Every structure is written in C-alpha cells, then in structure tokens.
Amino acid sequence: MKEIHHLRRMTTVWVIASVIVDLLFWFLVGPHVPPGRMTNMASSDQFDFNILFVIAIPVLIGVWIYLGYTIVVWSAKRGGPEPVGGEAARTNRTAQVAWIAITSVVVLFLAGFGTVELMVNNGSGGGEGPNPVWSPAGAAKAETAALAGTGTWSPNSGQVLPVQVIGQQWKFTYRYPTFGGFETSQLILPDNTTIAFNVTSLDVTHSFWAYQLGVKADANPLINDVAYTATTQRGEFVVRCSELCGIWHGAMYNYGHVVSPQAFMTWAQQTEAANAANTKLLPAFAWTYVPDANGAAGGYYPDGTVTPYSRAEVYGAKQPVS
Amino acid sequence: MSTVQEPPGGLASDHVDPIRPPLTQRPGLFSQHLGTAIIGAVLGYALGHWMGNAIASHYPYIANSGQNAIADALGLILGVAGWLLGIGALNYPLAKLAGRQPEAEVEVEGWSKYFRYSTNHKTVGLQYVVGVLLFMFTGGLLAMAIRTELLSPTTHVFSPDTYIKIVSEHGTVMMMMATSIVVGPLGNYLVPLMIGSRRMAFPRIEAFSFWVFVAGYMVIFSALPYGGFPTGWTGYAPLQTQAGPGMVSYLFGFAVIGMGMMAAGFNIAVTIINYRAPGMTWSRVPIFVWSILATAALLTLATPTLFAAGVFGLLDRTVQTAFYVTEHGGSSYLWENLFWFFGHPEVYIMALPGFGIAGEILPVFTRKPLFAYKVGAAGMIGVSLLSFFVWQHHLFQSGINPDMRPLFMLTTELISIPTGFIYLVGMGTMYKAKIRFDIPMLFVMALYFNFLIGGVTGVFLSDVPVNVTVHGGFFVLAHFHYTIMGGLLFAFMAGLYYWLPKMTGRMMNKRLGLWHFWTMFIFFNLTFFPMFIIGLLGQPRRVFTYAKNLQGLNDFSSVSAFLLGLSFLIFFANLVWSLYIKPVKAPANPWDSLGLEWQTVTPVPAHNFDRIPVVLSDPYHYSEENAPAVADLGPASPPEEPTLSGVTA
C-alpha cells in the first residue's frame, strides 16, 4: 500500500487555512477589536492584540487540524494498519528539536515584541505606580507643576494634562490640578492631548478602567498610580471599576467624554469658577490622601464639616468629632 | 540498596512497652469516627467562642464594632482542633507526647471505614473522591446562582451583597477543591500502586491531609452563617480588612486547607522518591507519577506562603496587627504579593496533574508508547520551577514595579514552552495510532482542545499592553475556566472513568458516560467561550450588572451553564447507577493497560502486592513485538540482573 504522507497533507491544509483565517481576521475583524482607536494607547493595545491573534491562529488551527485528522484517520474503528511500537515510536529527535525550537522562537519574539511595545508606548496605558519608568515628553514637568499648583494648560499647546482619579466606594471623582484643583464626577478630556492619569483611592483597592482610552490602573489608598494616554478621537467612553471593591462594585461606572480642546477649556474654566467655593473646602491638591481617623479600613470619614479626606501630611491632624 | 518495605498489615507497632501498655481500641460506637469528629468540632467551636467572648468582649474596638473576631477565630481554631481530636488524628502524636506506646491504626472492615481515620491509601483515595465531588457539587450550585443573576442586567435575583458573597464563596470553594481534585483521590490511591509500594511514606499524615481538607470545607462554608465575605477568592486587602466576620472563615479556611496541602505534598513527594519498587528507575516512573511529583513540590513549597498570608490576615482582624493596613505601616501590596506568590504556582498545582492523567491514558487508547516521555517529564519539572517566577503578572496594572514588567512578561511567556511539551507528547503519541475513543480518551481529547484555548489566551494576558484591556474582565474569567475546568476537570473525569473500575471494581455505564461527555464538552465551550467576547467588550469580573448590549451573550452563557450543570447531574446519576443500582463487575484490566496498577488483583488487597514487584520496564511498550514484561510480580522468580541498575532506596 502506498505510504500516505500524513504530515504533508496536514501541513498543506494548515498553511492554506491559516493564511485565509489570518487575512480575514486582519482585514475584517482586526480594525474593530476593542478597545478601538480613541487614543494612541487604545490603538497600540488593539495593534498588539491583533498581532498576537495573527500568531495564535496558526497555533490553534494547527492543533485542531491535527486532532481532527487523528479522529478521522487514526481511529480504531476505521481499521488501518496496526500501530508500530518500539524505539522509533518513542522519540524523534528532529520532531522534538523542531518543536522546542519553534515554540522558543515564537515565545521569545512575543516577549520582545511586548517589551518594545510597552516601552515605545509609555507603559501602554497601564498603571506604572508613583514613579513611571516610561513617560511621554513633558509629563514629568507637567506633574511637578501640578503638585506645586503652578501648572497650566491651554488648547493646542502640546502640554500634558494631569488628571487625578480618586476611587472611592463606589464612584470615581476627578481633580484637575491645572485648573485650581477642582473636583468633579465628570471626566472631560481634550482631544489631541496627552493625559497623565494619577490614580489613587480613599478606601479599598479599585481599578480605573477607561475602556475606550486603553487605560487601566489600580487605585490603591496612599499610592499614586500613573498611567498615560493621548486622545486622538472625540466621543464618549465608559469608565468601569475592574477590581472588586465591595458590594456595589458592579455599579461603579460612569461615562467620560473627549471633546475639542476649546470646548474642554471652556468647560474647565466654567467648572473651576462654579466650584470655587467647594474647592476651597477640599484639601490642597496632593497625589494621595489619607482618610481621617480610622482610615481606609475603618470606612468612615468623620469631621463632616470640611472634607471626606485630607492630605497625607496632615494625617492625624483632624480627629473625629465625637 | 533495595527498598525497605513494611510487612503486610500496614503500620505495625515497632515494639510493645511492657511497662506502659498500648492504648486499646475502643469498640463500636465508642470508637472514633465521623460522629465523634462532629461532636469534637461542635464542642471545640463552643469552647473557643466562649473563650473569645470571655477574653475580649470588653475591648473597646470589639465593644464598639459589635464584632468579636477573636471569638470567631478561636471558635473555628478550636473547632478544627476538636474535629481532629474527634476523628482520632491526634491520638498518635498525643500518645507519643505522653510517653505511651501508641496503638496501631486498625482498618475497620466494611463501609464504615470510609468514615474513620484510615491510614490505608486506597481508603483515603476513595474518601477524597467523595470529598472533592462534594466540594465540586456545592461550588457548582453557587455557579448556577451566579449565572442566574447574570441573566439580566436590570432584573436582579439577589441583592448586590448576596451576589458578591456567592461569587466569593464559589471562587474560594472551587479553588480549594481544584488543588486536591487529582492529588487527593487519584494521587493517594494510585501513586503507591504505580510505583510498586505497599503504602504511602507517612500514612497518618495522609489521613490527616484528608480530614483537614474536610475541615477546611466546613470552615469555608462557615462564612455563610457569618454573613459571607465580599472579596472574591483573591481576598484583596484593604477590602479584606473592611469585611465582616465571614472574612475570618476565609482566612482561616485557607490556612486549614493549606495545612492539608502541605501535608499531602511532602507525603507524596517522599513516597515517590523513597518508596519506588526495585527497578522503578526515574526513567520508568509513569508520567502521571512525574506530574504528581511536580505538583507535590509546588504544594510543599508554595503553600506555606498562603498559610502565612492567611495567618497575617487573621492577626490583623483579631489582635489589631497591621500587616495589610497601609495607613498603619502595612501594605495592601503585601497581601497581593503573598497571595499570588502562592497563587500562581497554585495554578499549576491545578494543571500539572491533568497533564499527567492525559499522558497516562493516551498510550493505552492509542496503543502506542508514550512519545517523548523524557521531554514530557522535563516539561512538568520546568513548569513547576518556572511557576515560582511569574506571580507578578497578576499585578501588571497594580502600580508595583513597572520596570519588572518585561521580566514577568518574559517568564510568563517562557512557561508556555514546557507546557507546549505536553502537546508534543500528546500529538506524537497519537501519530499513526489506532485510537479507541472510549470515554477516558474522549475526555483527554477534550482536554487538549480546551487547554489549547486556555493556554493561547494566557499568552494574551501575559502581554502587558494587551493585558491593559483584558485584565480584571471576563476575558480572564474565561481563560482560567478554560485551563482549570477545561483542562484539569476534564482530565479528572478522564481519570475517574479510567480508574474507577480499578478503585471500585465496577464499570461505569458507557451510554450515560457518553451523554455526560458530550453534554459537558459542548456546554462547557458554549458557556465559557462567549465570556472571552464579553470580556473584550468591556465587562469586568464580579459585577451584578452590565451593559445592556451584552445581555444576549450573557444569557447564552447562562443557559449553557445550566445545561453544563445538567451534565454533572448525568455524571452523578452514572455514578449511582453504575456503582449501586446496576453494578457491572469490572474485568481485571478493562482497557488492556500495561500500567503496574492494573497488574494487581481487583479489589486491591490491603497490602497491594503479595511481594514487592521488581520493575523491568516502563509501562508504555504498546504495539511492540517481544516487549519486555512491565514487572516481575511472581512470588518465586528472582529479579533479572540487568534490570537492577539504578535501583533506588
């Protein structure tokens, strides 16, 4: 009986199927893969996902074809020749070396690719903690000025806009240090602008997930977790908490908007003016805040006349009114 | 050197002290069994709770909060101690402490032995089968509740409070179950048989690990009457610190389960290293035993971290330490690091035994030798080692160590190389085979299908940029259900269908088995595959509500989950049918396996082998002309000289 070239058959089907599925994916599905292209980080996350998927497809299809072929051709029910045992069936140096070599090359490529993407994209929108190792030009300057209360931002200036995200059970609020440090529950961002999110928490660990912006950073009490993104499209985006933070974790979401730089400027200035009286009552802008008295774990914010929280430096200064 | 083995009959006392005679076994109702264990637990709990109230109820922070965590913790601690005293787990060490000659544990005949402190590894294995199935059943019911709530984003079956506690309980129970699901039942039952031993190295430790495992089950369920805990199975601080008294059950529950895991781990490792029969060299050890050895190493080395983490949390709650309280000098990152330092090796504790089962079953049903055996064994050891270097990939967005991210991305992706070896072994073994698609083989095929999806999506998660989108969402949820349930649980089912005939002497019903397999395989994929899409579309984990446009996918997933639950009912029905209602006696070797465990008679005698076998070859010489015998079991024939090289002690 003529020897059937099983591997050649499978390889042919595998190559054809992989190329077709990869092309279909790349051109039809890829451009629509979350998180979309609303920011540079979102675009790079989408690009990375698509590259990984294009590499994953041949792996998946290869194993599936092999398993399918096994079921159809090498089933005991179909008869066929008896299998051969012995040493030849136990090892095949070529197959083993090739397998290890190919998987190693793929894995090392993926690790290298991921690392380059992570560095080139300034942390890819992930929380980098209080001392980011990869940051966009101008970010450090803007952050330093923001903390000192001397930060400025104007449309089309190319300046980085620092925004503080404060997670608390069960909502996010936002402070804009370049506009007097007002606090609001609305997240409005200007288009074509690099944003430095400074994420912290007043109680338990939350995670700030601005889905379409390609940003995710855990909000920890007493930690400033910094993540960058640069807006490229206008529109609405959703913010969800993606770290379990208690009973109402599921309801901890809101919507933000990327608007034109001029519209943002107008909104920011109006909100700063409208909130001026409230802003005076807030603690001075700081990267982190300590809840008074019993602290994060205690879960209550005493001294109801002023503020629910205070700067880390003045922890202990205000005690609950009994 | 040859292996030292005890004579048949198990743990005979070394000698009898003439001055202090051994304690005598009390007969009948007055002996120790599950009943006395329950009485011990209740009395212990009552005593502990009373002590806690007497000691601490006047402390200001307890009086003000109305929560006496000290009483809760002491109640549970003494409850577990009472449980262990009641079952007889402490008889031996206490007698030794008192300077008396401890009595030997005597195996009781009949079904009641399963409710006692048995040091027979086969009894413990079957106890574990029931134990893990009980865990799985209760965890599964909770999963049904979760999917019921997620049928609608706006109409709620449970309050958010109840829902999050159901989610937390489900995750914790399932994780606890999954750590022991193979090592407990199959590891304890089969490892001595596979390596030609009459017993485990430390039979009392083995029994201890089981009864502690059951105690852990009760402790984690004690969270429910305490009001549950809201932290998920990951128990992150500060939410942990903020939570109510149910958190005590979580923290202490993990510590208790941890004790059982450590005990089981080093017992099995010592057994495999020291109790191999003559001729059972490392290159002849069955691949399943390799997987259990790699798992035992992880159980022994990773679990102490979990134990310590749980105890620290307990101390934070009871005596006001501040390990995890940031504003008092502790750190919530400490919990995250400790938890995942255990938690990631844990993931492989739940994967490796599945690979071992697949490797063991494949040659039997393909009628071919195991391909690339050494690569497979090396892969398991490689996974085991690497698994200690990947834990921070759970914390990519946490704000810790951004400069370490490329390293943890690399180590995490590297682990797919040794994991890939398992596919090389499987696909190589299937090559040009003549496969019998019996039920165990079907489950193994399903494992290869499911775990591939789980593994490939794991690479997406390990890529830091992609992780930004998929971390903390349903994508992760789908990923780990594909690896743990799609991998380990399918392997466990393969193992049960394959080895239950040996363990029980009964064949499982094939028709029901096929129904079980196909429903489980189809509805597993229909339940969890949509979750990848749900996650990519932005649904975070552990939420009771979600975007309206995701309702279709969620409903699809829920309905599939109910049908998946039904498939488990078919399995339980099959168990009852095949073991009790219409039992069919199993042939001595129903699958024509060469495995040493199948060479003993069924039911396996108490001492396993009349004579310690001399192992002559590995058990994978299928379809080989003039294949050597696997072992010399005969009482008279002396071992052949050449095979004794490398005999172990």
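Residues numbered from 1 in each chain as written. Chains lettered and ligands numbered in written order. Predicted model: local features only at pLDDT ≥ 70, side-chain atom pairs only at ≥ 80, totals over all residues.

### Topic: the overall build of chain B
Inference 1: Broken down by element type, chain B carries 21 helices and two strands.
Inference 2: The C-alpha atoms of chain B give 25 Å as radius of gyration, which agrees with the globular expectation for 649 residues (26 Å, within 12%).
Inference 3: Once the C-alpha set of chain B is aligned to its principal axes, its extents read approximately 75 × 70 × 50 Å.
Inference 4: Residue burial in chain B is summarised as follows: out of 649 residues, 61% are buried.
Inference 5: Summarising the internal contacts of chain B: among those between residues at least 6 apart in sequence, 82% fall at separations of at least 24. (Helix = DSSP H or I, 4+ residues; strand = E, 2+ residues; numbered from the N terminus. Rg over C-alpha atoms; globule rule 2.2 N^0.38 Å. Buried ≥ 20, exposed ≤ 12 C-beta atoms within 10 Å, placed from the backbone. Contact = placed C-beta atoms within 7 Å.)

### As for the pairing of strand E10 (residues 253-259) of chain A
Residue and element names in this part refer to chain A.
Inference 1: Sheet analysis places strand E4 (residues 187-190) next to E10, joined by four bridges and oriented parallel. Counterpart to Pro190 in the pairing with E10 is Val259.
Inference 2: The sheet contact formed by strand E9 (residues 235-241) and E10 spans six bridges and is antiparallel. Each residue of the ladder has a partner; that of Val238, found in E10, is Tyr255. (Pairing = 2+ DSSP bridges.)

### Things to note about unusual backbone geometry
Inference 1: For the bond running from Pro34 of chain A to Pro35 of chain A, omega is 5 degrees, close enough to zero to count as cis.
Inference 2: Mapped onto the fold, Pro35 of chain A is located in the loop between helix H1 (6-29) and helix H2 (40-73).
Inference 3: In this structure, the amide linkage connecting Ala237 of chain B to the following residue, Pro238 of chain B, adopts the cis form with an omega of 5 degrees.
Inference 4: Phi angles above zero are rare outside glycine, and Asn122 of chain A is one such case at about 55 degrees.
Inference 5: Positionally, Asn122 of chain A belongs in the loop between helix H4 (93-120) and helix H5 (139-148).

### Topic: the sheet that holds E9 of chain A
All names here are of chain A.
Inference 1: Strand order in this open sheet of five strands is E4-E10-E9-E6-E7, and the pairing throughout is mixed. Looking at strand neighbours, the two that pair on one side only are E4 and strand E7 (215-219), the edges of this open sheet. Strand-to-strand, the axes of this sheet are offset by a mean angle of 20 degrees, without reference to chain direction. (Axes fitted to C-alpha atoms, helices over the stretch in contact; angles between N-to-C directions.)

### Topic: the interface of chain A and chain B
Interface size is commonly expressed as the accessible surface area that is lost when the partners come together.
Inference 1: At the junction of the two partners, chain A supplies 82 residues and chain B supplies 80 residues.
Inference 2: Mapped onto the side of chain A that touches chain B, the elements with two or more residues apiece are H2, helix H3 (87-90), H4, strand E6 (206-210), E7, E9 and helix H8 (295-298) of chain A.
Inference 3: Looking at side-chain class alone, the side of chain A that touches chain B contains 40 nonpolar, 30 polar and twelve charged residues. (Nonpolar A, V, L, I, M, F, W, Y, C, P; charged D, E, K, R; others polar.)

### Details of the domain arrangement of chain A
Residues and elements named next belong to chain A.
Inference 1: Domain annotation of chain A identifies domain 1 (6-75 + 92-120) and domain 2 (139-314).
Inference 2: Computed from C-alpha coordinates alone, the two centres of domain 1 and domain 2 are separated by 39 Å.
Inference 3: Taken together, the contacts link nine residues of domain 1 with 13 residues of domain 2. (Domains from an automatic or database assignment.)

### Quick word on the environment of Ser331 of chain B
Inference 1: Checked against the element boundaries, Ser331 of chain B lands in the loop between helix H11 (287-318) and helix H12 (332-349).
Inference 2: If sequence neighbours within four positions are ignored, Ser331 of chain B has contacts with Tyr324 and Thr326 of chain B.

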